[in-house]
2 protein chains.
Amino acid sequence: MVMMPKNAADARALQKATLAGVVYDKATDPEVGTLLDQLADDQELGPFDAAVVRETRRAYERTTKTPKRIAKRRAELESEGYQAWMVAREAKDFAKFAPVLEEWVALTREACSLIDPSRPAYDVALDEFEKGFTSARLDEVFSQLRDGLVPLLRDIRERGTPPDAGVLAGRFDTRVQAALCEKIAVELGFNLDCGRLDVSVHPFTGGAHVTDVRMTTRFKEDDLTEGLTGAIHETGHALYEQGRNLEYDGLPVNEALSMGVHESQSLLWERMVALGRPFSRYLAPKLAASFPQLSAQLSPDTLYGALNVVKTRSMIRVEADEVTYPLHIILRYELERGLVDGSVAVVDLPRLWNQKMTDYLGCTPADDGEGVLQDVHWSAGAMGYFPTYSLGAMYACQIYKAAAKDLPTLDDDIAAGKFSPLKAWLNVKIHKAGSLHQNGDELMIAATGAPLDPEIFLGYLREKYTELYKL
Amino acid sequence: MVMMPKNAADARALQKATLAGVVYDKATDPEVGTLLDQLADDQELGPFDAAVVRETRRAYERTTKTPKRIAKRRAELESEGYQAWMVAREAKDFAKFAPVLEEWVALTREACSLIDPSRPAYDVALDEFEKGFTSARLDEVFSQLRDGLVPLLRDIRERGTPPDAGVLAGRFDTRVQAALCEKIAVELGFNLDCGRLDVSVHPFTGGAHVTDVRMTTRFKEDDLTEGLTGAIHETGHALYEQGRNLEYDGLPVNEALSMGVHESQSLLWERMVALGRPFSRYLAPKLAASFPQLSAQLSPDTLYGALNVVKTRSMIRVEADEVTYPLHIILRYELERGLVDGSVAVVDLPRLWNQKMTDYLGCTPADDGEGVLQDVHWSAGAMGYFPTYSLGAMYACQIYKAAAKDLPTLDDDIAAGKFSPLKAWLNVKIHKAGSLHQNGDELMIAATGAPLDPEIFLGYLREKYTELYKL
């Protein structure tokens with residue numbers, strides 16, 4: 001994606017499809033099923049080996065129970081859906097996208113019932129992104145989160161005194177931004193002997209192995225915050241990838257437990273660390289050294305304020321902040337869950353979307369373009385993807401609080417640019433655990449002593465923004 | 001090789017080995033044999049399709065007739081051999097390398113007799129690098145070449161007036177060299193939308209597809225010529241790769257006919273074009289613009305002379321010039337052919353090597369380090385590889401002369417930096433032909449009207465150096 005010459009895209013797509021076919025054939029070989037059956041009752045396996053068998057079984061079942069007809073139609077519908085979504089969004093007309101979404105809902109239901117007819121279809125879909133989680137559990141945590149956030153956001157909007165974002169305004173050479181962010185990524189713990197950091201249009205973190213983690217970021221001349229928080233976000237993903245358990249190299253237990261857990265690592269570094277007060281003490285002098293044009297008003301205090309402004313009119317998910325973001329997610333979760341269980345009709349989506357925007361975020365989209373059509377995910381049939389963003393935010397907060405308990409000097413360490421104790425803690429508790437546990441709750445119990453508790457995240461936000469916004 | 005983080009080498013090796021295993025299993029699937037049998041007598045196939053069947057058959061036979069035991073031992077012996085060669089070269093002691101070479105000779109004979117017991121083992125080995133060529137034909141062209149070169153080289157050494165190499169002396173910023181060479185590569189015809197040009201320790205050209213050709217070069221501060229000729233050499237390889245026939249994308253007929261033919265394309269651009277008089281008219285002003293420190297003596301004439309100095313004491317193959325290089329190759333060919341057919345014993349190699357050096361090149365190695373141990377190839381069991389270098393040089397000359405006949409303004413075009421007519425001619429005659437023909441002679445007949453004729457190359461050298469060295 002970063003280095004490839006531009007005309008190579010078609011050939012690369014064909015190479016990837018060919019490799020995917022090879023992997024599919026090997027993964028669905030009946031011999032794998034036979035071996036899994038033999039291992040099913042093996043009482044001698046340690047916990048990591050047992051998890052290898054369990055995760056291989058899970059993938060084997062999902063793949064072998066999905067007929068080629070459905071897999072093929074999905075692949076086609078991904079590109080048809082993307083085209084239809086582009087056209088609809090351009091025209092701000094949901095009706096142009098509705099037929100594709102209808103087919104995705106039907107396809108999702110059919111595929112999920114073939115994989116496991118005994119469970120709600122949405123739960124089976126969710127497994128692809130956040131394995132072991134259920135819609136019943138999501139209802140529980142998301143309604144608690146929603147009921148706490150809506151009044152907090154209203155308070156911030158109606159009674160809060162926003163901090164001054166102006167101290168970070170200006171124009172900043174993107175090469176200087178990139179050099180500063182690479183330095184910060186390395187100080188956070190990114191190992192350049194086991195990875196690269198490049199610039200691309202769409203930031204991402206990937207790579208072929210623990211020893212070869214590729215991360216990219218982007219920089220805008222007129223926005224220092226986006227490049228900085230983006231780079232730290234990707235560093236969080238990259239530290240997870242570089243921290244994976246080499247003792248189980250190449251086995252599914254060494255892979256990330258779920259997208260939500262992966263996102264917890266990016267958000268932990270981006271929000272819990274970089275948007276916290278101690279980090280501003282580390283960052284402010286670095287920014288001043290790289291960008292002499294920054295205002296003399298820049299101090300750890302003003303920097304902390306400027307990095308933590310809440311959007312009072314948050315219409316677009318990707319531009320949201322840590323307070324408004326979960327409400328965008330909960331809205332999408334409620335709608336997509338309704339689509340899959342049949343309680344929401346595709347045709348009603350724009351109206352319900354706008355209603356929930358008004359109720360949760362206090363603003364109403366002017367058209368489908370800035371409303372129901374803003375995200376690409378549903379065009380690719382990704383049902384169950386959105387929840388992982390906010391599960392990640394809650395995991396991140398709970399994990400960070402647990403780390404802070406184990407590391408009493410954490411705040412001072414961060415302020416001093418000493419990040420290795422936190423990284424080492426995460427290596428042991430989260431990264432090396434990989435897919436050892438069956439779901440996010442189990443991982444939270446092992447790492448923090450309790451299952452996911454939205455109240456921890458709510459308490460963190462209430463405390464932080466009550467002080468920042470002088471509520 | 002260029003972008004990978006350094007700690008990723010082991011994981012990448014494993015990934016490549018895994019892929020090689022997948023390719024092996026598919027390539028040796030008995031189903032392929034059955035399909036090949038069905039197609040063997042198909043009279044309906046056009047020449048390209050027939051070549052696809054023929055080349056697939058050739059690869060299938062070679063692979064299926066090589067037992068896994070031999071393939072495995074080869075892979076092991078490659079790394080053992082490399083270690084032994086390193087130790088022996090360091091110690092300047094051939095005896096430390098001899099046992100590995102003994103095993104390689106035995107392994108080569110065994111493998112070749114399993115593939116085709118009816119042909120001389122060396123011919124079967126040669127097929128891997130220069131398919132369709134035979135040792136009988138090599139004896140013919142190489143003895144003719146040797147008998148012409150030895151007296152020419154003696155004349156140059158004893159009676160010649162060498163041109164002044166000093167006009168290119170100095171120190172040159174490697175970044176400026178790299179920028180100039182990229183500009184030249186693009187002007188020669190390298191398409192950056194279908195490839196990249198990077199810097200690496202070892203120059204090479206590779207890539208995954210016609211639309212994704214990766215070429216690398218290296219630059220030395222104190223040697224302008226090496227970076228320049230190296231970059232043009234790799235550009236020649238890259239133009240072949242970018243010119244492959246997309247109508248037969250992914251099929252063996254679209255691959256290079258042989259290593260010698262591939263080398264003909266790099267040497268055509270490096271030697272026939274860049275070391276020729278007209279190119280110096282193009283290059284001299286470019287060099288002067290990039291490197292103001294170059295002597296005021298630099299002109300197309302003095303540049304041409306400086307680029308074409310012949311080594312009067314040429315001990316090391318990789319440092320040889322176009323006159324001495326083939327003698328290094330012929331020496332190696334005669335020895336390795338003798339090893340494989342049993343007429344040369346491993347133990348006699350250093351003595352025979354030194355004798356031939358004296359006879360052909362007029363200088364005698366002081367020890368095995370600058371003699372028989374100088375090249376890595378035999379440590380990897382590559383028997384039949386060396387001849388391709390000089391076949392490439394002869395092909396290049398013959399192809400270039402044929403192009404010049406078809407393109408009457410070629411000299412002036414080159415002097416004016418107009419390289420597209422030559423590139424287009426090569427695209428049609430060589431690149432798009434791929435593996436359509438069965439061997440280099442057949443390709444030469446199709447492209448130039450006659451089989452390989454060493455006299456063309458000899459005539460070119462005699463004429464060029466008689467004038468340059470005032471013989």
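Residues numbered from 1 in each chain as written. Chains lettered and ligands numbered in written order. Predicted model: local features only at pLDDT ≥ 70, side-chain atom pairs only at ≥ 80, totals over all residues. Heavy atoms only, no water.

By the naming in an unreviewed UniProt entry, chain A goes by Carboxypeptidase and is assigned to Elliptochloris bilobata.

### Concerning the sheet that holds strand β1 (residues 195-199) of chain A
Residue and element names in this part refer to chain A. Overall, mixed pairing links the 3 strands, which are arranged β1-β3-β2 in an open sheet. Single-partner strands in this sheet number two, and they are β1 and β2 (204-209). Averaged over all neighbouring strand pairs, the angle between strand axes comes to 15°, with direction disregarded. Where β1 meets strand β3 (residues 212-217), 5 bridges bridge the pair, whose relative direction is parallel. Residue pairing across strands places R196 opposite R214, the latter belonging to β3. Seen against the sheet, helix α9 (residues 224-242) touches β1, β2 and β3 and runs at an angle of roughly 170° to β3. (Pairing = 2+ DSSP bridges. Helix = DSSP H or I, 4+ residues; strand = E, 2+ residues; numbered from the N terminus. Axes fitted to C-alpha atoms, helices over the stretch in contact; angles between N-to-C directions. Contact = heavy atoms within 4.5 Å.)

### Comments concerning the interface of chain B and chain A
Frequently, the measure chosen for interface size is the accessible area that the parts lose on association. Contacts between the two partners involve 22 residues from chain B and, on the opposite side, 22 residues from chain A. Across the chain B/chain A interface, buried area totals approximately 1800 Å², and carbon plus sulfur atoms make up 55% of it. Summed over the shared surface of chain B and chain A, the result is 4 salt bridges. Between K6 of chain B and D193 of chain A there is a salt bridge, with its nearest N and O atoms 3.8 Å apart. Across the contact surface, chain B and chain A share 10 residue pairs in polar contact (both at pLDDT 80 or more). Elements with a minimum of two residues in the side of chain B that touches chain A: α1 (9-27), β1 (195-199), β2 (204-209) and β3 (212-217) of chain B. At 6 residues, α1 of chain B tops the list of elements feeding residues into the side of chain B that touches chain A. (Buried area = accessible area lost by both parts, 1.4 Å probe. Salt bridge = Lys/Arg side-chain N within 4 Å of Asp/Glu carboxyl O. Polar contact = N/O pair within 3.5 Å; in protein donor to acceptor, adjacent residues only side chain to side chain.)

### Points about the packing of helix α7 (residues 135-159) of chain B against helix α14 (residues 349-361) of chain B
Residues and elements named next belong to chain B. Remark: α7 packs on α14, axes separated minimally by 8 Å, with the N-to-C direction vectors making an angle of 65°. Relative to α14, the element α7 lies roughly perpendicular. Residues R146, V150, L153 and R157 of α7 form the contact with α14, whose own contacting residues are D359, Y360 and L361. Taken together, the residues that form the contact of α7 with α14 break down as 4 nonpolar, no polar and 3 charged. (Parallel < 35°, antiparallel > 145°, perpendicular 65-115°, else oblique. Nonpolar A, V, L, I, M, F, W, Y, C, P; charged D, E, K, R; others polar.)

### Focus: the relation of the copies chain B and chain A
Once turned by 180° and shifted 0.0 Å along the axis, chain B lies on chain A with an RMSD of 0.0 Å. Expressed as a symmetry operation, the mapping of one chain copy onto the other fits a two-fold axis. Judged by C-alpha distance, V22 of chain B is the residue of chain B that lies nearest the rotation axis, at 4.0 Å. Comparing interface residues between copies, 100% of those in chain B also sit at the interface in chain A, which points to an isologous, same-surface contact. (Least-squares fit on C-alpha atoms with pLDDT ≥ 70 in both.)

### Considerations on the pairing of β3 of chain B
All names here are of chain B. Within β3, 5 of the 6 residues are buried, leaving the element largely enclosed by the surrounding structure. Bridge count between β2 and β3: 5 bridges; the pairing is antiparallel. Within the sheet, the bridge partner assigned to H209 lies in β3 and is D212. In this structure, the hairpin formed by β2 and β3 is closed by a connection of 2 residues. (Buried < 20%, exposed > 50% of the residue type's maximum accessible area, 1.4 Å probe, protein only.)

### A short note on the packing of helix α4 (residues 68-91) of chain B against helix α5 (residues 98-115) of chain B
Angle between the axes and distance between the axes are the two parameters that describe a pair of packed helices. Residue and element names in this part refer to chain B. Where α4 meets α5, the closest approach of the two axes is 11 Å, and the angle between their N-to-C directions is 155°. On the basis of the axis angle, α4 is roughly antiparallel to α5. Both α4 and α5 take part in a crossing whose hand is left-handed. On α5, the residues touching R69, I70, R73, R74, L77, E78, G81 and A84 of α4 are V100, E103, W104, L107, E110, A111 and L114. (Left-handed = near helix turned anticlockwise from the far one by under 90°.)

### Remarks on unusual backbone geometry
Here K92 of chain B, not a glycine, exhibits a phi torsion of approximately 55°, which is positive. Within the secondary structure, K92 of chain B sits in the loop between α4 and α5.

### Focus: the UniProt feature "active site" (unreviewed entry) in chain A
The positions that UniProt labels "active site" (unreviewed entry) are, in the present scheme, E234 of chain A. By the secondary structure assignment, E234 of chain A is in helix α9. (UniProt positions renumbered as here; feature names shortened; annotations may be inferred.)

### Observations concerning the pattern of salt bridges
Residues and elements named next belong to chain A. Taken as a whole and judged by the stated rule, the model has 90 salt bridges over all chains. Taking the shortest distance from any N to any O, the salt bridge between K92 and D367 comes out at 4.0 Å. Note that K92 is positioned in the loop between α4 (68-91) and α5 (98-115) and D367 in the loop between α14 (349-361) and α15 (387-406), a separation of 275 residues in sequence. Judged by its relative accessible area of 48%, K92 is partly exposed. Since its relative accessible area comes to 24%, D367 is described here as partly exposed. Linked by salt bridges that have partners in common, R54, E55, R58, D116, R119, D127 and K131 make up one network.

### Considerations on the environment of P162 of chain B
Residue and element names in this part refer to chain B. Mapping P162 onto the fold places it in the loop between α7 and α8 (174-188). Relative accessible area serves as the criterion here: at 52%, P162 is assigned to the exposed category. Expressed as a C-alpha distance, the spacing of P162 and R175, which sit 13 residues apart in the sequence, is 31 Å.

### Observations regarding helix α17 (residues 420-431) of chain B
All names here are of chain B. In this model α17 runs just 14 Å from its N-terminal to its C-terminal C-alpha over 12 residues, more than 12% under the 16 Å that 1.5 Å per residue would give. Of the positions making up α17, those classed as buried are L422, W425, L426, N427, I430 and H431. On its buried face, α17 sits against α9 (224-242), α10 (259-274), α15 (387-406), α16 (410-415) and α18 (440-448). (Expected span 1.5 Å × (residues − 1).)

### Digging into the sheet that holds β2 of chain B
In sheet architecture, strand pairing relies on hydrogen bonds along the backbone and comes in two forms, parallel and antiparallel. Residues and elements named next belong to chain B. Reading across the sheet, the 3 strands line up as β1-β3-β2 and stay open at both edges, with mixed pairing between neighbours. Among the strands making up the open sheet, the edge pair consists of β1 and β2. When strand polarity is set aside, the average angle formed by the axes of neighbouring strands in this sheet is 15°.

### Considering α4 of chain B
Residue and element names in this part refer to chain B. In this model α4 runs 34 Å from its N-terminal to its C-terminal C-alpha over 24 residues, within 8% of the 34 Å that 1.5 Å per residue would give. Within α4, burial applies to I70, L77, G81, A84, W85 and A88. Phi for K92, located one or two positions after α4, is positive at around 55°.

### A short note on the side chain of E263 of chain B
Residues and elements named next belong to chain B. Positionally, E263 belongs in helix α10. The side chain of E263 sits in the buried core without any salt bridge; R271 is the nearest counter-charge, 6.7 Å away. Look past the residues within four positions of E263 in its chain and what remains in contact with it is H233, H237, T388, Y389 and G392. (Lys, Arg positive; Asp, Glu negative; His and termini not counted.)

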